[in-house]
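Read off the chains here:
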Amino acid sequence: MSIDVQPQTPATRADDWAIHTHQDKELVKGLGLTSATMLVMGSMIGSGIFIVSAEISREVSSPALLIGAWAVTGFLTIVGALSYGELAAMMPRAGGQYVYLRESLGPLWGFLYGWTLFLVIQTGTIAAVGVAFGKFLGIFWPAISSSHWILHFWKVPQFTIGPMVLGGMDVGLNTQNLVAILVVVILSVINIFGIKTGALIQNVFTAAKVSALLGLVIFGVLLGRNAQAIAANLGANFWNNAGLGTLHDVGGGVFVSTLTVLAIAQVGSLFSADAWNNVTFTAGEVKNPSRNLPLSLALGTGVVIALYIGCNFIYLSALPLAGSPTGTTLLERGIQYAAEDRVGTAVMTQMFGAAGGALMAIAIMISGFGCCNGLILAGARVYYAMAKDGLFFKSVARLHPTYKTPAVSLMVSMVWTCILCVSGTYNDLLNYVIFAVLVFYVLTIVGLFVLRRTHPEAERPYKAIGYPVLPAIYIVMALFIDVVLLRYKPQYTWPGLCIVLLGIPVYFLWSQRVRTTSV
């Protein structure tokens, strides 16, 4: 028996576009501009801003390049957000970036993004931030510790495959990751009780952590300036080692140019500014999405990047950039060798003494709790959208009958995140995926160009500012960073690429299963 497939007419293509891109009718529209903006900011701000400047400083060895690394991240983040604004206003569907890739480049690319998001990006980030919450809670209750084991299953031996160093993690349940699991379970369950409930928690905690960052900047300006740090970092010394012709040692006797070392330094800063796209995952629940989605992306990323750059100037005015790992004081260790890379804690201690460390620990816990909530709330919408397309377990597309939230998706995500918490792999996974995250951002912005050509008639309530120049610059810069990371940080990039590529056979197997069951 043969089945005749009729070619699509322009009318049927338009109907198909409308079905796949219009806002989900079954979801509750509970997010206004304020909540959407808070979700952007709350998902971005975790613990990274308080920590990664130490690693960046060791890589660049220059005050100007420390700020330059964050400025590059800021440019990429804001241009990405402005470009995504057009896609979000065109296609305000649950799933966001997954939908944009599906509609512009095809279902395989959408699946690969969703696969990587579920397996590593979203769930791994939630696990890592949750464990960081437990780590800082341990400052107040020492019994909460990664060495306080409840059940220790296995110490995975370390091994190498080509440039990749794998293994070496402890698998089991300790008091620190138990706290992370409790945070994940509590927030996952709370988010079942309606989008407005999750948004309320998000708004409260985001307001608190934005206030904490703003407070760090204000108190840093008023109280944190240190004459030794200012002399070492600012004025003429600001430009130390920042010339375009300067060569930078990246280890193993390898020297690279200034532009290359800025690209290498993006691992930390990009990760700290990531997850701004999470608001697009909840697009099906945003009121007036054609206005509020682009505006929330622009406002949220703009405010956070300004705060991030402001914080780094405060770091430079409070502590010398250069330091020694054997230093006995905060000033001797500097930004480069702040204890356990906790630059924010070192600066607060410099300003307020011992009480400063406790204040920073509280700020990081507030930040982490709010970040976990935003990631849990948003990520579940992607898996829900995939399930509706038949590319994830069918039950994941089920909504709670009363609250109209993707309850099954929240529970599936919760279970996998808890497994990652006890696996001890989350930090490695996050290192692995920043390369893959950047690849998907590039592909999504390429999709913006594709959709301008394939769907010129589509309604575009907002058009990307600076198109085509700014999106094209983004693509070139992001590809340059990815190529540099492949060359100079293969231990992080190749595992991430392997995780993405593993999704290809899974996609075809899943698609075949769907075709078989639908016959």
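Residues numbered from 1 in each chain as written. Predicted model: local features only at pLDDT ≥ 70, side-chain atom pairs only at ≥ 80, totals over all residues. Heavy atoms only, no water.

Bringing the overall build of the chain into the picture now. A count of helices and strands for the chain gives 20 helices and six strands. Computed over the C-alpha atoms, the radius of gyration of the chain is 23 Å, within 12% of the 24 Å expected from 2.2 N^0.38 for a compact globule of 519 residues. Along the longest, intermediate and shortest principal axes, the C-alpha atoms of the chain span 80 × 50 × 45 Å. In the chain, which comprises 519 residues, the share counted as buried stands at 57%. Summed over all atoms, the accessible surface of the chain reaches about 20,900 Å², with 68% contributed by carbon and sulfur. Put simply, the chain has 28 plus and 21 minus side-chain charges, and the middle of one group is 6 Å from the middle of the other. (Helix = DSSP H or I, 4+ residues; strand = E, 2+ residues; numbered from the N terminus. Rg over C-alpha atoms; globule rule 2.2 N^0.38 Å. Buried < 20%, exposed > 50% of the residue type's maximum accessible area, 1.4 Å probe, protein only. Areas by Shrake-Rupley, 256 points an atom, 1.4 Å probe, with all protein chains shown as cover. Lys, Arg positive; Asp, Glu negative; His and termini not counted. Charge placed at Lys NZ, Arg CZ, Asp CG, Glu CD.)

On to the nonpolar core, then. One broad trend across soluble globular proteins is that nonpolar side chains are buried collectively. One finds Leu 216, Tyr 315, Val 347 and Tyr 474 to be the most contacted residues of the largest nonpolar core, which totals 154 residues. At 18 residues, the largest contribution of residues to this core is made by helix 16 (residues 354–388). Residues contacting Val 347, with those up to four places away along its chain left out, are Leu 216, Ile 314, Tyr 315, Ala 318 and Leu 319. (Core = buried A, V, L, I, M, F, W, Y, C linked by side-chain atoms within 4.5 Å. Contact = heavy atoms within 4.5 Å.)

Moving on, we get to the side chain of Ser 423. Of note, Ser 423 is situated in helix 17 (residues 407–423). One polar contact links the side chain of Ser 423 to the main-chain carbonyl oxygen of Leu 420, over a distance of 2.8 Å. (Polar contact = N/O pair within 3.5 Å; in protein donor to acceptor, adjacent residues only side chain to side chain.)

A separate point is the environment of Val 347. One can find Val 347 in helix 15 (residues 343–352). Between the C-alpha atoms of Val 347 and Leu 319, which are 28 residues apart in sequence, the distance is 7.0 Å.

Now for helix 7 (residues 175–190). Under the 1.5 Å per step criterion, the end-to-end length of helix 7 is 23 Å for 16 residues, consistent within 8% with the ideal 22 Å. Residues Thr 175, Gln 176, Asn 177, Val 179, Ala 180, Ile 181, Val 183, Val 184, Leu 187 and Ser 188 constitute the buried set of helix 7. Residues of helix 7 that are buried sit in contact with helix 6 (107–137), strand 1 (149–155), strand 4 (170–174), helix 16 and helix 17. Its side-chain oxygen at 3.0 Å from the backbone nitrogen of Gln 176, Asn 174 defines the N-terminal cap of helix 7. (Expected span 1.5 Å × (residues − 1).)

We now examine the pairing of strand 4. Counting buried residues in strand 4 gives four out of five residues, a clear majority hidden from the surface. Direction of pairing for strand 1 relative to strand 4: antiparallel, over a ladder of five bridges. Each bridged residue has a counterpart across the sheet, and for His 152 the counterpart in strand 4 is Gly 172. (Pairing = 2+ DSSP bridges.)

A few words on the packing of helix 16 against helix 17. Relative orientation of the contacting elements helix 16 and helix 17 amounts to 110°, with a least axis distance of 8 Å. Relative to helix 17, the element helix 16 is oriented roughly perpendicular. Crossing angle aside, the handedness with which helix 16 passes helix 17 is right-handed. Counting all contacts with helix 16, which are made through Ile 376, Ala 380, Tyr 383 and Tyr 384, the residues of helix 17 involved are Ser 409, Leu 410 and Ser 413. When its residues are assigned to classes, the contact of helix 16 with helix 17 shows five nonpolar, two polar and no charged. (Axes fitted to C-alpha atoms, helices over the stretch in contact; angles between N-to-C directions. Parallel < 35°, antiparallel > 145°, perpendicular 65-115°, else oblique. Left-handed = near helix turned anticlockwise from the far one by under 90°. Nonpolar A, V, L, I, M, F, W, Y, C, P; charged D, E, K, R; others polar.)

For helix 19 (residues 469–488), spanning 20 residues, the distance from its first C-alpha to its last is 29 Å, which sits close to the expected 28 Å at 1.5 Å a residue. Where helix 19 is concerned, the buried positions are Pro 471, Tyr 474, Ile 475, Ala 478, Ile 481, Asp 482, Val 484 and Leu 485.

Once that is clear, we can look at empty space enclosed by the protein. Counted by the stated rule, this structure contains one cavity of 30 Å³ or more. A volume near 90 Å³ is recorded for the largest cavity. Together, Leu 76, Thr 77, Leu 270, Ala 273, Asp 274, Trp 276, Ile 434, Val 437, Leu 438, Tyr 441 and Tyr 474 line the largest cavity. When contributions to the lining of the largest cavity are tallied by element, the ones reaching two or more residues are helix 4 (63–90) and helix 18 (426–454). In terms of residue count, the dominant contributor to the lining of the largest cavity is helix 18 (four residues). When the residues that make up the lining of the largest cavity are grouped by side-chain class, the tally is nine nonpolar, one polar and one charged. (1 Å grid on protein atoms, 1.4 Å probe; cavity = no way out; pocket = protein on both sides within 12 Å on 5 of 7 lines; lining within 4 Å. Points joined across faces, edges and corners; volume = space filled by probe spheres on them.)

A word on the packing of helix 7 against helix 16. Close contact between helix 7 and helix 16 brings their axes to 10 Å; oriented N to C, the two are set at 50°. Regarding the angle of helix 7 to helix 16, the classification is oblique. As for the relative orientation of helix 7 and helix 16, their crossing is right-handed in sense. Facing helix 7, whose interface residues are Val 183, Val 184, Leu 187 and Ser 188, helix 16 presents Phe 369, Cys 372, Asn 373 and Ile 376. When the residues that make up the contact of helix 7 with helix 16 are grouped by side-chain class, the tally is six nonpolar, two polar and no charged.

What follows deals with the environment of Phe 111. Checked against the element boundaries, Phe 111 lands in helix 6. With relative accessibility at 3%, the residue Phe 111 sits in the buried group. Residues Phe 111 and Val 506, spaced 395 residues apart in sequence, show a C-alpha to C-alpha distance of 9.3 Å. With near-sequence residues (within four places) excluded, Phe 111 lies in contact with Tyr 98, Met 386, Leu 391, Gly 503, Val 506 and Tyr 507.

Attention now moves to the confidence of the model for the chain. For the chain, the average pLDDT comes to 89, and 94% of its residues sit at 70 or higher. For residues 1–9, every residue scores under 50 in pLDDT, and the model assigns this stretch two contacts once sequence neighbours within four places are set aside. (pLDDT = per-residue confidence, 0-100.)

Looking now at the packing of aromatic side chains. Any pair of aromatic rings gets described here by the distance separating the centres and the angle formed by the planes. Going through the model one piece at a time under the given rule, you end up with 24 aromatic pairs. Arranged with centres 4.8 Å apart and planes meeting at 40°, the rings of Phe 205 and Phe 369 form a pair that is tilted. One end of the pair, Phe 205, is in helix 8 (residues 195–223); the other, Phe 369, is in helix 16, with 164 residues separating them in the sequence. Grouped by ring-pair contacts, the aromatic residues Phe 118, Tyr 383, Phe 392, Phe 393, Trp 416 and Trp 510 constitute a single cluster. One cation-aromatic arrangement involves Arg 452 over Tyr 467; the distance from NZ or CZ to the ring centre is 3.8 Å. (Phe/Tyr/Trp six-rings, centres within 6.5 Å; stacked < 30°, edge-to-face > 60°. Lys NZ or Arg CZ within 6 Å of the ring centre and 35° of its normal.)

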